[in-house]
Amino acid sequence: MCIIANPQELKKRHVELAAKQERFPKKVIVCCGTGCLANGARAIVDAFHAHLAEKNIKDFTVEAVKETGCHGFCEQGPLVVIEPQGTFYTRVKPKDVAAIVDKTIANGEILSPLLYKDPVTEHRIERYHDVNFFAHQSRIALRNLGKIAANDIREYIAVEGYQALAKVLTTMTPDTVIDEIIKSGLRGRGGGGFPAGKKWRTCKSVQSDIHYVICNGDEGDPGAFMDRSIMEGDPHSVLEGMMICAFAIGAKQGYIYVRDEYPLAVVHLQKAIDECEANGLLGDNILGTDFSFRIRINRGAGAFVCGESSALMRSVAGEVGEPRAKYIRSVVKGLHDQPTVLNNVETFANVPIIMLKGADWFTSIGCKNNSGTKAFSLVGKVRNTGLIEVAMGTTLRTIIYEIGGGILENRPFKAVQTGGPSGGCLPESMLDLPVDFDSLTKNGSMMGSGGMIVMDDKTCMVDVARYFLSFLVSESCGKCVPCREGLYQLHELTIKICNGEGTEEDLVRMEKLSESIIVGSLCGLGKSGPNPFLSTIRYFRDEYLAHIREKRCPAGVCKSLITYTVLEDKCTGCVACITACAYNAITGEKKKPHFIHQDKCEKCGACVAVCKFDAIEVK
Amino acid sequence: MSMKTVTITVNGKLVRATEGEYLLKVLRREGIDVPALCQHDAVEPYGGCRVCMVEITKAEWNGWSDMVTSCLYPVADGLIVQTHSNQVIELRKTIIDLMLARNPHTPLIQQLAADYGINSTSFQPVPEPNDCILCGICTRICDTMGFHAISTVNRGHGREIAPPLGEAPESCVGCLACALNCPTNYIKFTDSGKTRTIWKKQFEMVTDKRTGAPTITREFAEYLIAHRNIPADYFDLNDESHRKETATNMGAIAAWSREDLK
Ligand SMILES: Cc1cc2nc3c(=O)[nH]c(=O)nc-3n(C[C@H](O)[C@H](O)[C@H](O)COP(=O)(O)O)c2cc1C
Ligand code: SF4
Ligand code: SF4
Ligand code: SF4
Ligand code: SF4
Ligand code: SF4
Ligand code: FES
Ligand code: FES
């Protein structure tokens, strides 16, 4: 590798690399994202190397094997895709590799047992793009994930990588770059949805010798992994986005703040940075221009609140990662008191392609004031879970029933929680809501960084509020009173209701307390902290009232309010439940109805799980 | 900082202030009673207790208003401030109510609660209350002086003030600035004979040349002589009031020496 001296040379390299890719369209794509690696993808790569070397199949050399980033469908992993026909194999084991090489690769035969089975139609699907999970997505930020090898800059250059940077450096000024980003309507993907271009413009306008760019890769929401996947699977798109931002605001130094639990992301980002430095894409006089920029990685401290902008900047500066109250915004006085742009990983990943294809292209996707797409991590009681990206304005119904394949076991849908721990829950009547920043906020939830948890009728919404509040109580940094004490008390009150000890006055008190927490808290954690309560009381008040007035948990979840009893007419006396009960709470003779002793029952549910005759009732 | 004079409106009255100075300072100067539990002149504002919040607006905000902590809000021309509007009072009461649940026996909080007409907390009092109100004055003073001997530990509701690992802090010089500035006297220390104990650490005292009475700890004296150009005879004073004054002034001393170090 050597320095790419100028944009023309970069273009030449792209043309060469892309031509090479075209000459060798045959590929074995093995997903090597964190999920698939955990399920044994490394052994599969090794097995492909061994078998391909041995078999010597035309155009399918060892080099055809590509280790890509996450496809988002980790639960079906390890994934293997055979290109160019796009044959899609799921849950591949090392022992399957010989057959894949001999049959599919050598003879084009399809190995049906390895194909994905559509959970609704039960049909085996042959091709990647025919899988419903992928077919309804539009991928912009995740455009290269699962397509290119994550840790090779040549792969990125082959797919027009750094062409946006070259275009910006040679044909644009900082102002025209910012104009384009403003025109594209790109809003921050990390939570608040603040217009990125506006942030850049303000930062640029602050007179200072030093400006900073920071990329927020803290991703603290439990279960969310959009940013991780991008950093692992397509690190160069993040770097390129940061470089374009640096050019626009006049920054010479950038930082990527990566959460400590993401070791692979750190390795791939560092490799990408090293490759850029070796190729003259980072450092002094990038591509022979007078633009100079460097990027350093910071490892996060691991607390949820470190993702908050002021806490993150303190952490980058080597101080305690705690939010700081400031009435001067960080675009004016941020890291080391210098003007700083902080954007999310996904926000930056969108930037290069916007600069290449133009703002008009970007605004043609999505909906009004919400252009482009958004990545979500879809989890919970849906058949297909994983990382997805859809055009803004896609309805919850499409996401849950088309991409997600509907609710597990065909149970009724009850609610979807969006926006991470401090987001909100939306009920069935909202299924046709277009998913965008404004619609979610207007209806009491939020976009957050894109968590989406689907819940079925067996979910108790009071218990859900209690659960998310307990997360927030333990993640509150404890600096300010409304959040530290207020969320604690709000959580205590939800426990009281779950225990059947709540009153209607408690609800009034909780609503008032929530208001004070929102107004009084120092940072976004406290300010959005009451959301789990506020959104559930808004849409599921009846369920709260059932706990309070009737001492009943309609979903059968809150232990204090439910009892397990054997239905005598259904019980066959099979004794399965006696063995399952760890608390010796069940007695009964063979072939006679059994009996649950309420004084001993710990309400663990083990008996229900083993009873094949639906003979145990939970009420 | 600019020294531009600006005019703001506080509770309907026109008030002159310096642009950029903290609003709470202006309110105090005007004799307006706004509670403030985590503010201390020797250290930077913190924004932790939130009882100093006031409502602000400006003519050009078209009726929109905001709630801000006055202790760290920089004053600008045309600011219109309400220190006791309904919204402010309601919020302050909830916060005090919450604090009373955490510190039910602490006189400072009891008094503030009484001022706002709260007799007992409407929330669930914590199981084992103490007198620490987590204002962070102690840690900030210690940090400002450059010792960094104590800090907050644990997140959220379990937050506490403690030395690292709960052991006698190596960098503590026994200056007492933390203890003497603690608004609730929660930090305990003992001076007995020529020994001082604070944070489980024992110190030997320097003695007054004339009377032989203990003055300050040897570590603190050495530090001041070495790093702060304080003449040795400064330590001859030994009575309680002087010590408190010294402790309070340490913040200011630290501030100018920090400037020097730049
Ligand atoms: C408690 C808290 C946690 C946050 N965590 C994250 C995070 O993990 N990742 C992120 O990008 N933004 C997070 N944010 C939002 C950031 O403060 C900031 O708004 C964002 O990174 C700005 O980038 P964007 O405009 O591109 O979204 C968090 C905010 C709060 C209040
Ligand atoms: S709102 Fe919560 S997380 Fe934020 S500073 Fe206050 S206590 Fe810490
Ligand atoms: S719920 Fe658990 S404890 Fe109760 S009877 Fe069933 S198995 Fe036993
Ligand atoms: S498992 Fe069900 S059917 Fe069998 S004994 Fe228990 S309750 Fe009866
Ligand atoms: S010990 Fe005293 S000064 Fe320190 S935080 Fe607690 S109350 Fe404040
Ligand atoms: S005695 Fe002084 S050095 Fe020790 S903890 Fe208190 S303020 Fe810090
Ligand atoms: S890691 Fe392979 S699909 Fe996510
Ligand atoms: S004095 Fe202002 S927040 Fe505590």
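Here's a quick rundown of the structure. Please read all numbers here as calculations on a predicted model, not as lab measurements. Position numbers for residues count from 1 along each chain, tracking the sequence in the order it is written. Here the convention is simple: chains get letters from A, ligands get numbers from 1, in the order in which they are written. Note on the predicted model: pLDDT of at least 70 is required for a residue's local features to be given, and 80 or more for side-chain atom pairs to be given and counted; whole-chain, interface and lining totals, by contrast, use all residues. Side-chain metrics in this entry use all non-hydrogen atoms of the structure; hydrogen atoms and water are not considered.

### Side note on the nonpolar core
Step number 1: Among buried residues, those of type Ala, Val, Leu, Ile, Met, Phe, Trp, Tyr and Cys that are joined through side-chain atoms within 4.5 Å constitute a nonpolar core. Any residue under 20% of the maximum accessible area for its type is buried, any over 50% is exposed, and the rest in between are partly exposed; the area is computed with a 1.4 Å probe on protein chains only. Formed by 137 residues in total, the largest nonpolar core has its most connected members in Leu 487 and Leu 507 of chain A together with Ile 8, Leu 23 and Ile 198 of chain B.
Step number 2: Each helix is a run of H or I in the DSSP string that is no shorter than four residues. Each strand is a run of E no shorter than two, and both are numbered from the N terminus. Tallying contributions element by element places helix α2 (residues 86–102) of chain B first for this core, with eight residues.
Step number 3: In this structure, Ile 198 of chain B is in contact with Cys 172, Gly 174, Leu 176, Cys 178, Ala 179, Ile 187, Lys 188, Phe 189 and Phe 203 of chain B, ignoring residues within four places of it in sequence. Contact criterion: two residues are considered in contact whenever any of their non-hydrogen atoms come within 4.5 Å of each other.

### Things to note about the site of ligand 4
Step number 1: Being near a molecule or strand, for a residue, comes down to having at least one heavy atom within 4 Å of it. In the region of ligand 4, the neighbouring residues are Cys 571, Thr 572, Gly 573, Cys 574, Val 575, Ala 576, Cys 577, His 594, Cys 611, Phe 613, Ala 615 and Ile 616 of chain A.
Step number 2: Each residue is assigned to one of three groups, with Ala, Val, Leu, Ile, Met, Phe, Trp, Tyr, Cys and Pro labelled nonpolar, Asp, Glu, Lys and Arg labelled charged, and all others, Gly among them, labelled polar. Of the residues assigned to the shell around ligand 4, the class counts are nine nonpolar, three polar and no charged.

### Examining the pattern of salt bridges
Residue and element names in this part refer to chain A.
Step number 1: The salt bridge criterion pairs a side-chain nitrogen of Lys or Arg with a carboxyl oxygen of Asp or Glu, the two atoms within 4 Å. For the structure on display, the rule yields 38 salt bridges over all chains.
Step number 2: Between Asp 96 and Lys 95 there is a salt bridge, and its shortest N-O distance comes to 3.8 Å.
Step number 3: Judged by its relative accessible area of 67%, Lys 95 falls in the exposed class.
Step number 4: Among the charged side chains, a salt-bridge network with shared partners connects Asp 175, Asp 179, Arg 201 and Lys 204.

### Observations regarding the sheet that holds strand β8 (residues 253–258) of chain A
By way of backbone hydrogen bonds, the strands of a sheet pair with one another, either parallel or antiparallel.
Residue and element names in this part refer to chain A.
Step number 1: DSSP-based pairing: two strands are paired if at least 2 bridges between them are found. Pairing in this open sheet of four strands is parallel, and the strands run β9-β8-β7-β10 from one edge to the other. Looking along the sheet, the strands with just one partner apiece sit at the ends: β9 (294–299) and β10 (340–344). Direction aside, the axes of adjacent strands within the sheet are offset by 20° on average.
Step number 2: Strand direction decides the pairing type here: strand β7 (residues 212–217) and β10, joined by five bridges, are parallel. Each residue of the ladder has a partner; that of Asn 216, found in β10, is Asn 344.
Step number 3: Strands β8 and β9 of the sheet are contacted by helix α12 (residues 263–278), whose axis makes an angle of about 165° with β9. All axes here are fitted lines through C-alpha atoms, helices being fitted over the stretch that makes contact, and every angle between N-to-C directions spans 0 to 180 degrees.

### Considerations on the packing of helix α18 (residues 461–475) of chain A against helix α19 (residues 481–498) of chain A
Residues and elements named next belong to chain A.
Step number 1: Relative orientation of the contacting elements α18 and α19 amounts to 150°, with a least axis distance of 9 Å. It follows from the interaxial angle that α18 and α19 lie roughly antiparallel. Note on packing geometry: the crossing formed by α18 with α19 is left-handed. On the side of α18, the interface is formed by Val 462, Asp 463, Arg 466, Leu 469, Ser 470, Leu 472 and Val 473, while α19 contributes Leu 487, Tyr 488, Leu 490, His 491, Thr 494, Ile 495, Ile 497 and Cys 498.
Step number 2: A breakdown of the residues in the contact of α18 with α19 according to their chemical character gives 10 nonpolar, three polar and two charged. In what follows, roughly perpendicular refers to angles from 65 to 115 degrees, roughly parallel to angles under 35, roughly antiparallel to angles over 145, and oblique to any angle outside these ranges. Note on convention: the crossing is left-handed when the near helix lies turned anticlockwise from the far helix by less than a right angle, right-handed when the turn is clockwise.

### Structural notes on helix α23 (residues 541–549) of chain A
Residue and element names in this part refer to chain A.
Step number 1: Burial in α23 covers these residues: Glu 543, Tyr 544, Leu 545, Ala 546, His 547 and Ile 548.
Step number 2: Residues of α23 that are buried sit in contact with β15 (413–418), α18, α19, α20 (504–520) and α22 (531–539).
Step number 3: Positioned one or two residues after α23, Lys 551 has a phi angle of 50°, which is positive.

### Some details on the site of ligand 1
Residues and elements named next belong to chain A.
Step number 1: Neighbouring residues of ligand 1: 19 residues in total, closest Gly 190, Glu 219, Asn 343, Asn 344 and Thr 347.
Step number 2: At 2.6 Å, a backbone N or O of Gly 190 approaches an oxygen atom of ligand 1.
Step number 3: For this analysis, a polar contact is any N or O atom pair within 3.5 Å, provided that within protein one partner can donate a hydrogen and the other can accept it, and provided that sequence-adjacent residues contribute only side-chain to side-chain pairs. Glu 219 places a main-chain nitrogen or oxygen 2.9 Å from an oxygen atom of ligand 1.
Step number 4: The protein chains hide 86% of the 610 Å² of surface that ligand 1 would expose on its own.
Step number 5: Looking at the shell around ligand 1, the elements that each hand over two or more residues are β10 and α21 (524–528).
Step number 6: With three residues, the single largest contributor to the shell around ligand 1 is β10. Each accessible area value is a Shrake-Rupley result obtained with a 1.4 Å probe; residue values ignore everything except the protein chains displayed when judging cover.

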